[in-house]
Amino acid sequence: GRLLAARLGVAFVDLDEQIEGASGTTVRQLFADIGEAGFRSLEAAELERACQLGSAVVATGGGTLTQDSNRSLLRRAGLTIFLNPSFGAISRRIALAGKSDRPLFRDERQALELYRSRLPLYRVADVVLDVADTESADEVASRAALMLTAKSCVT
(Lines give C-alpha, C1' and ligand atoms only; values in the text may rest on other atoms or scores of the structure.)
Protein backbone atom coordinates (compact mmCIF):
# COMPACT_ATOMS: atom_id res chain seq x y z
CA GLY A 1 0.00 0.00 0.00
CA ARG A 2 2.73 2.46 0.91
CA LEU A 3 4.64 1.69 -2.28
CA LEU A 4 1.51 2.07 -4.39
CA ALA A 5 0.63 5.38 -2.75
CA ALA A 6 4.15 6.65 -3.39
CA ARG A 7 3.95 5.60 -7.05
CA LEU A 8 0.62 7.37 -7.45
CA GLY A 9 1.70 10.42 -5.45
CA VAL A 10 -1.18 10.19 -3.00
CA ALA A 11 -1.64 9.73 0.75
CA PHE A 12 -1.51 6.29 2.35
CA VAL A 13 -3.82 5.19 5.16
CA ASP A 14 -3.63 1.84 6.95
CA LEU A 15 -6.94 1.41 8.81
CA ASP A 16 -5.50 -0.88 11.47
CA GLU A 17 -2.66 1.59 12.17
CA GLN A 18 -5.15 4.45 12.39
CA ILE A 19 -7.33 2.52 14.82
CA GLU A 20 -4.37 1.53 16.97
CA GLY A 21 -3.08 5.11 17.01
CA ALA A 22 -6.44 6.55 17.95
CA SER A 23 -7.17 3.96 20.63
CA GLY A 24 -3.66 3.62 22.04
CA THR A 25 -3.89 -0.17 21.93
CA THR A 26 -3.58 -3.06 19.51
CA VAL A 27 -6.22 -4.53 17.25
CA ARG A 28 -5.93 -7.78 19.20
CA GLN A 29 -6.56 -5.98 22.50
CA LEU A 30 -9.51 -4.12 21.02
CA PHE A 31 -11.05 -7.44 19.94
CA ALA A 32 -10.57 -8.69 23.51
CA ASP A 33 -11.94 -5.50 25.12
CA ILE A 34 -14.85 -4.52 22.86
CA GLY A 35 -15.35 -7.58 20.65
CA GLU A 36 -15.44 -7.83 16.90
CA ALA A 37 -18.62 -5.72 16.59
CA GLY A 38 -17.03 -2.89 18.58
CA PHE A 39 -13.88 -3.10 16.50
CA ARG A 40 -15.88 -3.05 13.25
CA SER A 41 -17.58 0.14 14.42
CA LEU A 42 -14.20 1.82 14.96
CA GLU A 43 -13.03 0.49 11.61
CA ALA A 44 -16.08 1.92 9.81
CA ALA A 45 -15.46 5.35 11.36
CA GLU A 46 -11.79 5.31 10.27
CA LEU A 47 -12.80 4.19 6.78
CA GLU A 48 -15.25 7.08 6.55
CA ARG A 49 -12.45 9.51 7.52
CA ALA A 50 -10.04 7.96 5.05
CA CYS A 51 -12.54 8.21 2.21
CA GLN A 52 -12.93 11.93 2.87
CA LEU A 53 -9.24 12.51 2.09
CA GLY A 54 -9.81 12.48 -1.63
CA SER A 55 -7.04 10.69 -3.49
CA ALA A 56 -5.48 8.10 -1.22
CA VAL A 57 -4.53 4.46 -1.03
CA VAL A 58 -6.38 2.90 1.88
CA ALA A 59 -5.23 -0.46 3.23
CA THR A 60 -8.24 -2.16 4.72
CA GLY A 61 -8.20 -5.08 7.11
CA GLY A 62 -9.40 -8.48 5.99
CA GLY A 63 -12.80 -8.01 7.62
CA THR A 64 -13.54 -4.48 6.43
CA LEU A 65 -15.55 -5.74 3.48
CA THR A 66 -17.78 -7.90 5.66
CA GLN A 67 -19.84 -4.80 6.43
CA ASP A 68 -22.35 -3.81 3.71
CA SER A 69 -21.95 -0.13 4.58
CA ASN A 70 -18.16 -0.33 4.12
CA ARG A 71 -18.53 -1.98 0.72
CA SER A 72 -20.99 0.72 -0.36
CA LEU A 73 -18.71 3.48 0.88
CA LEU A 74 -15.72 2.06 -0.98
CA ARG A 75 -17.74 1.73 -4.21
CA ARG A 76 -18.72 5.40 -3.96
CA ALA A 77 -15.25 6.59 -2.95
CA GLY A 78 -13.25 5.25 -5.87
CA LEU A 79 -11.54 2.22 -7.33
CA THR A 80 -10.85 -0.86 -5.27
CA ILE A 81 -8.10 -3.39 -5.81
CA PHE A 82 -7.81 -6.90 -4.44
CA LEU A 83 -4.27 -8.23 -4.25
CA ASN A 84 -4.69 -11.97 -4.63
CA PRO A 85 -1.70 -13.99 -3.44
CA SER A 86 -2.06 -17.67 -2.63
CA PHE A 87 -3.35 -18.52 0.83
CA GLY A 88 -0.02 -20.19 1.55
CA ALA A 89 1.78 -16.91 0.85
CA ILE A 90 -0.62 -15.03 3.12
CA SER A 91 -0.05 -17.52 5.91
CA ARG A 92 3.74 -17.35 5.54
CA ARG A 93 3.76 -13.53 5.47
CA ILE A 94 1.67 -13.27 8.62
CA ALA A 95 3.95 -15.72 10.42
CA LEU A 96 7.14 -14.03 9.16
CA ALA A 97 5.88 -10.59 10.12
CA GLY A 98 5.28 -11.78 13.66
CA LYS A 99 1.57 -11.15 13.33
CA SER A 100 0.49 -14.66 14.22
CA ASP A 101 -1.47 -13.14 17.11
CA ARG A 102 -4.04 -11.65 14.73
CA PRO A 103 -7.39 -12.00 16.49
CA LEU A 104 -9.13 -14.03 13.79
CA PHE A 105 -6.05 -15.99 12.66
CA ARG A 106 -5.85 -18.47 15.52
CA ASP A 107 -4.73 -21.45 13.48
CA GLU A 108 -4.20 -22.14 9.81
CA ARG A 109 -7.35 -24.26 9.35
CA GLN A 110 -9.58 -21.59 10.86
CA ALA A 111 -7.79 -18.87 8.88
CA LEU A 112 -8.33 -20.79 5.63
CA GLU A 113 -12.05 -21.12 6.37
CA LEU A 114 -12.27 -17.40 7.11
CA TYR A 115 -10.35 -16.54 3.94
CA ARG A 116 -12.58 -18.76 1.81
CA SER A 117 -15.73 -17.24 3.32
CA ARG A 118 -14.49 -13.72 2.54
CA LEU A 119 -13.07 -14.41 -0.91
CA PRO A 120 -16.33 -13.67 -2.79
CA LEU A 121 -16.40 -10.22 -1.14
CA TYR A 122 -12.81 -9.55 -2.17
CA ARG A 123 -13.37 -10.64 -5.77
CA VAL A 124 -15.92 -7.89 -6.46
CA ALA A 125 -13.11 -5.32 -6.41
CA ASP A 126 -12.74 -3.12 -9.49
CA VAL A 127 -9.33 -4.69 -10.09
CA VAL A 128 -8.24 -8.19 -9.06
CA LEU A 129 -4.49 -8.55 -9.22
CA ASP A 130 -3.14 -12.08 -8.91
CA VAL A 131 0.18 -12.01 -7.07
CA ALA A 132 2.86 -14.65 -7.63
CA ASP A 133 4.74 -15.92 -4.59
CA THR A 134 7.98 -14.79 -6.26
CA GLU A 135 6.92 -11.18 -6.86
CA SER A 136 8.41 -8.43 -4.72
CA ALA A 137 6.28 -5.74 -3.12
CA ASP A 138 7.82 -3.25 -5.56
CA GLU A 139 6.80 -5.36 -8.56
CA VAL A 140 3.25 -5.72 -7.25
CA ALA A 141 3.01 -1.97 -6.58
CA SER A 142 4.20 -1.23 -10.12
CA ARG A 143 1.64 -3.57 -11.68
CA ALA A 144 -1.12 -2.23 -9.44
CA ALA A 145 -0.29 1.36 -10.36
CA LEU A 146 -0.43 0.51 -14.07
CA MET A 147 -3.74 -1.32 -13.72
CA LEU A 148 -5.34 1.39 -11.61
CA THR A 149 -4.17 4.13 -13.94
CA ALA A 150 -5.56 2.26 -16.93
CA LYS A 151 -8.83 1.52 -15.11
CA SER A 152 -9.31 5.15 -14.03
CA CYS A 153 -8.97 6.30 -17.66
CA VAL A 154 -11.88 4.15 -18.81
CA THR A 155 -15.05 6.13 -19.52
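Use the structure listed above.
Throughout what follows, the structure given in this document is the object of discussion. (Residues numbered from 1 in each chain as written. Predicted model: local features only at pLDDT ≥ 70, side-chain atom pairs only at ≥ 80, totals over all residues. Heavy atoms only, no water.)

**Digging into the overall build of the chain**
Each helix and strand in the chain was counted, giving seven helices and four strands. The burial tally for the chain puts 32% of its 155 residues in the buried class. The long-range fraction of contacts in the chain, counting pairs at least 24 apart against all pairs at least 6 apart in sequence, stands at 67%. Carbon and sulfur atoms provide 53% of the accessible area of the chain, an area that totals close to 9,100 Å². (Helix = DSSP H or I, 4+ residues; strand = E, 2+ residues; numbered from the N terminus. Buried < 20%, exposed > 50% of the residue type's maximum accessible area, 1.4 Å probe, protein only. Contact = heavy atoms within 4.5 Å. Areas by Shrake-Rupley, 256 points an atom, 1.4 Å probe, with all protein chains shown as cover.)

**A short note on the pairing of strand β3 (residues 81-84)**
Side chains of β3 alternate between two faces, with Phe82 and Asn84 buried and Ile81 and Leu83 left unburied. Direction of pairing for β3 relative to strand β4 (residues 127-130): parallel, over a ladder of four bridges. Among the inter-strand pairings, isoleucine 81 is bridged to a residue of β4, identified as valine 127. (Pairing = 2+ DSSP bridges.)

**Remarks on the nonpolar core**
With 15 residues, the main nonpolar core has Leu47, Phe82, Tyr115 and Tyr122 as its most contacted residues. Here tyrosine 122 is in contact with Gly62, Leu65, Phe82 and Tyr115, once residues within four sequence places are set aside. (Core = buried A, V, L, I, M, F, W, Y, C linked by side-chain atoms within 4.5 Å.)

**A few points about helix α4 (residues 68-77)**
Of all the residues in α4, the buried ones are Asn70, Arg71, Leu73 and Leu74. Projected onto a plane normal to the axis of α4, the buried residues spread over an arc of 160° and lie on a single side. Exposed residues lying more than 90 degrees from the buried face of α4 are Asp68, Ser69, Arg75 and Arg76. Against α3 (27-51) and α6 (108-122) lie the buried residues of α4. (Arc of directions from axis to C-beta.)

**Comments concerning helix α2 (residues 15-23)**
The N-cap of α2, judged by a side-chain oxygen 3.0 Å from the amide nitrogen of aspartate 16 a few residues on, is aspartate 14. Looking one or two places after α2, you find glycine 24, whose phi comes out positive at around 75°. (Polar contact = N/O pair within 3.5 Å; in protein donor to acceptor, adjacent residues only side chain to side chain.)

**As for the environment of leucine 79**
Note that leucine 79 resides in the loop between α4 and β3. Residue class for leucine 79 comes out partly exposed when judged on its relative accessible area of 41%. Separated by 48 residues in the primary sequence, leucine 79 and valine 127 place their C-alpha atoms 7.8 Å from one another.

**So, the packing of α2 against α3**
Where α2 contacts α3, the two axes come as close as 9 Å, and the packing angle between them is 115°. The angle between α2 and α3 falls in the class roughly perpendicular. Remark: the crossing between α2 and α3 carries right-handed chirality. Here Leu15, Asp16, Gln18, Ile19, Glu20, Ala22 and Ser23 of α2 lie close against α3, whose contacting residues are Val27, Leu30, Phe39, Leu42, Glu43, Glu46, Leu47 and Ala50. Residues that form the contact of α2 with α3 fall into these classes: nine nonpolar, two polar and four charged. (Axes fitted to C-alpha atoms, helices over the stretch in contact; angles between N-to-C directions. Parallel < 35°, antiparallel > 145°, perpendicular 65-115°, else oblique. Left-handed = near helix turned anticlockwise from the far one by under 90°. Nonpolar A, V, L, I, M, F, W, Y, C, P; charged D, E, K, R; others polar.)

**Here we look at the packing of α3 against α4**
α4 packs onto α3 with a crossing angle of 5° between their chain directions and a minimal axis gap of 11 Å. Taken as axis vectors, α3 and α4 run roughly parallel relative to one another. Residues Glu43, Ala44, Leu47, Glu48 and Cys51 of α3 form the contact with α4, whose participating residues are Asn70, Leu73, Leu74 and Ala77. Considered class by class, the residues forming the contact of α3 with α4 number six nonpolar, one polar and two charged.

**Some points on the environment of valine 127**
Mapped onto the elements of the fold, valine 127 is located in strand β4. The exposure class assigned to valine 127 is buried, which follows from its relative accessible area of 5%. The spacing of valine 127 and threonine 80 is 47 residues in sequence and 6.3 Å in space, taken between C-alpha atoms.

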